[in-house]
Amino acid sequence: MLKEFKAFIAKGNVMDMAVGIIVGAAFTAIVKSMVDDLINPIIGIFTGGLDFTNRYAVISGDVAAGTSLEAAREAGASIFAYGSFFMAVINFFIIAFVVFMLVRYVNKVKSLAEKPEEVVPEVPAGPSELDVLIEIRDSLKK
């Protein structure tokens, strides 16, 4: 079983997946910062300063109006956090768009890096060696 595990880990696709997961985790931090620090304020400008992250509805429990989402959760109230969900959806679309652009760019670079097959101009083929020998034989018969 240990040998099988070593063979599994040594495969290139497993290492590629591990690298992808690590890079993906780092990329998630960048996207989270972009959403929290850049996109949310822009959305807030268009919505009159509304911050979706702290938007929620209290299902049960006592929470004073204007309490932050984190404080409402710490108070033990049952919360319907639609703002957090909305931000998660925005994060998904941003990540999906950025990954799409990266894949598109990588595919374009790959296609440019691949050398097109060099087209060899067709040289008119002369008589083959066999044709020449047959012609010589026929001329000697005459």
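Above this note sits the structure.
Residues numbered from 1 in each chain as written. Predicted model: local features only at pLDDT ≥ 70, side-chain atom pairs only at ≥ 80, totals over all residues. Heavy atoms only, no water.

### Considering the overall build of the chain
A tally of regular secondary structure across the chain gives five helices and two strands. Listing every helix and strand of the chain by position from the N terminus yields α-α-β-α-β-α-α. A compact globule built from 142 residues should have a C-alpha radius of gyration of about 14 Å, whereas the chain, at 34 Å, is more than 25% larger. Oriented by its inertia axes, the alpha-carbon framework of the chain measures out at about 120 × 55 × 25 Å. Across the 142 residues in the chain, those meeting the buried criterion constitute 12%. Charged side chains of the chain number 13 positive and 16 negative; the gap between the two group centres comes to 5 Å. (Helix = DSSP H or I, 4+ residues; strand = E, 2+ residues; numbered from the N terminus. Rg over C-alpha atoms; globule rule 2.2 N^0.38 Å. Buried < 20%, exposed > 50% of the residue type's maximum accessible area, 1.4 Å probe, protein only. Lys, Arg positive; Asp, Glu negative; His and termini not counted. Charge placed at Lys NZ, Arg CZ, Asp CG, Glu CD.)

### What about the environment of leucine 140?
Relative to the helices and strands, leucine 140 is located in helix 5 (residues 129–141). For leucine 140 and proline 116, which are 24 residues apart along the polypeptide, the C-alpha to C-alpha distance reads 49 Å.

### A short note on the pattern of salt bridges
Within this structure, the stated rule accounts for one salt bridge. Residue aspartate 138 pairs with arginine 137 through a salt bridge whose shortest N-O separation is 3.2 Å. Residue classification places aspartate 138 among the partly exposed positions, given a relative accessible area of 33%. (Salt bridge = Lys/Arg side-chain N within 4 Å of Asp/Glu carboxyl O.)

### With respect to the nonpolar core
Listed in full, the seven residues of the largest apolar core are Val31, Val35, Ile43, Phe52, Met87, Ile90 and Ile94. Among the elements of the structure, helix 2 (12–46) and helix 4 (82–113) are those that each provide at least two residues to this core. In contact with isoleucine 94, not counting residues within four places along its chain, are Val31, Met34, Val35 and Ile39. Among the nonpolar cores identified, the runner-up in size contains six residues, and Tyr56, Leu69, Ala77 and Ile79 belong to it. (Core = buried A, V, L, I, M, F, W, Y, C linked by side-chain atoms within 4.5 Å. Contact = heavy atoms within 4.5 Å.)

### Observations regarding a nonpolar patch on the surface
Among the surface-exposed residues, Leu2, Phe5, Phe8, Ile9 and Met15 lie close enough to one another that they form a single nonpolar patch of about 510 Å² accessible area. For the nonpolar patch, the element with the most residues is helix 1 (residues 2–10), which contributes four residues. Within the secondary structure, methionine 15 sits in helix 2. Methionine 15 gets classed as partly exposed once you look at its relative accessible area, which sits at 46%. (Patch = residues over 30% accessible without salt bridge, like charges linked within 9 Å, V, L, I, M, F, W, Y side chains within 5 Å. Areas by Shrake-Rupley, 256 points an atom, 1.4 Å probe, with all protein chains shown as cover.)

### Some details on the packing of aromatic side chains
Here a ring pair, both rings aromatic, is described through the centre-centre distance and the interplanar angle of the planes. Enumeration according to the criterion identifies two aromatic pairs in this entry. Aromatic side chains phenylalanine 80 and tyrosine 82 sit 6.5 Å apart centroid to centroid with 40 degrees between the ring planes, which places their arrangement in the tilted category. (Phe/Tyr/Trp six-rings, centres within 6.5 Å; stacked < 30°, edge-to-face > 60°.)

### Quick word on the environment of alanine 65
Summarising the element assignment, alanine 65 is placed in the loop between strand 1 (57–60) and helix 3 (69–74). A relative accessible area of 84% means that alanine 65 is categorised as exposed. Placed 29 residues apart in sequence, alanine 65 and isoleucine 94 show a C-alpha to C-alpha distance of 31 Å.

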